[in-house]
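# Coordinate inspection notes
Residue strings, one per chain:
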Amino acid sequence: MSVTIDGYESIPVIGVFDSGVGGLTVVKELKRAIPTVPLIYFGDTARTPYGTKSQETIKRFALEDTKFLLSKGANIIVIACHSAASVATSMLNERFDCPIFEVITPSVSQLLRLSRRGRIGVIGTRATIESGVYEREIKKRADYVVIGVPCPLLVPLVEEGWLKRRETKMIVKKYIHPLKLKNIDTLILGCTHYPMLKDVIARKAGKRIKIIDPSKEVAITVRDFIFNKIGVEDYSIGDYMDDMDRDKFYFSDLGSVTKEVIRRFIDRPIDPKKVVLRYN
Ligand code: DGL
């Protein structure tokens, strides 16, 4: 099946990049929404985490990650990493003609639909929260109160598989507490890793706070784009397992720890490949 993207005939191939393994939460949602669209994943495990790095460095990494995916045949890019999406989206849009999706804008659209009182909490890495991107994007569209809280301890806890530990619950509670005091009504999970802690976060937030999972929102947005704009009629038919076999997963480092963390993030067997980026 061929389609026209930016004037050329091609089959849609989604390239997803992340600072490491966390973007596999976005892959899961993309496979649920559009299982038969081929996907190429790049996780920059050699240079992870991005969330503690400067904007300049994250932009450089994001540029190299995107070039790699395009060189492998991707023609639609999804920035799964919130830290990269926060600081590098406009630069990538200026550099490349292909459609580029990120995890922030779809979540903002969803919160405008969900929030009743316009009091929004955002949790994410330091890079994402310090960028102020959510506040900027929300304020463009509504006069809401936006409160961001960096949660740097959650990424290592998730990667260690401490999803249900007492210590993790205590730390989540500590991070959510100031947001509850500010009476938020909607909370954005502004990091690739946080969907893995969704139940714990939802329990600590309480029933009155609605949770937005950007991995789901971006998957729906990409699906709608492929269905509507590109004009593909039905990309949802197909066998999930077969398609996961066809998809490609690249990582810039692939030691035993990374392989173990990959297993925690994705519930299907994948065949990860190590690759050294040469786009400096
Ligand atoms: N993928 C990153 C994000 O969503 C989290 C891990 C990191 O700091 O690199 O911000």
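Residues numbered from 1 in each chain as written. Predicted model: local features only at pLDDT ≥ 70, side-chain atom pairs only at ≥ 80, totals over all residues. Heavy atoms only, no water.

## Digging into the pattern of salt bridges
A complete count under the given rule lists twelve salt bridges for this structure. Here Glu64 makes a salt bridge to Arg47, at a shortest N to O gap of 2.7 Å. Placement of Glu64 in helix α2 (residues 55-71) and of Arg47 in the loop between β4 (39-43) and α2 is noted, with a sequence separation of 17 residues between them. Each of Asp44, Arg47, Glu64 and Asp65 takes part in a single network of salt bridges with overlapping partners. (Salt bridge = Lys/Arg side-chain N within 4 Å of Asp/Glu carboxyl O. Helix = DSSP H or I, 4+ residues; strand = E, 2+ residues; numbered from the N terminus.)

## A word on the environment of Ser54
As for its position among the elements, Ser54 is in the loop between β4 and α2. Residue Ser54 is classed as partly exposed on the basis of its relative accessible area, which comes to 38%. Distance in space between the C-alpha atoms of Ser54 and Leu112 is 30 Å, their sequence separation being 58 residues. (Buried < 20%, exposed > 50% of the residue type's maximum accessible area, 1.4 Å probe, protein only.)

## Quick word on a positive patch on the surface
On the surface, a cluster of positive charge is made up of Arg116, Arg117, Lys173, Lys180, Arg208 and Lys210. Its relative accessible area of 67% is what places Arg116 among the exposed residues. (Patch = residues over 30% accessible without salt bridge, like charges linked within 9 Å, V, L, I, M, F, W, Y side chains within 5 Å. Areas by Shrake-Rupley, 256 points an atom, 1.4 Å probe, with all protein chains shown as cover. Lys, Arg positive; Asp, Glu negative; His and termini not counted. Charge placed at Lys NZ, Arg CZ, Asp CG, Glu CD.)

## Examining the site of the ligand
As a structural note, the neighbourhood of the ligand is formed by 13 residues, with Asp18, Ser19, Tyr50, Gly51 and Ser83 the closest of them. Residue Asp18 places a side-chain N or O atom 2.9 Å away from a nitrogen atom belonging to the ligand. A distance of 2.6 Å separates an oxygen atom of the ligand from a polar side-chain atom of Ser19. Contact with the protein chains covers 98% of the free accessible surface of the ligand, which is 290 Å². In terms of residue class, the shell around the ligand is built from four nonpolar, eight polar and one charged. (Near = heavy atom within 4 Å. Polar contact = N/O pair within 3.5 Å; in protein donor to acceptor, adjacent residues only side chain to side chain. Nonpolar A, V, L, I, M, F, W, Y, C, P; charged D, E, K, R; others polar.)

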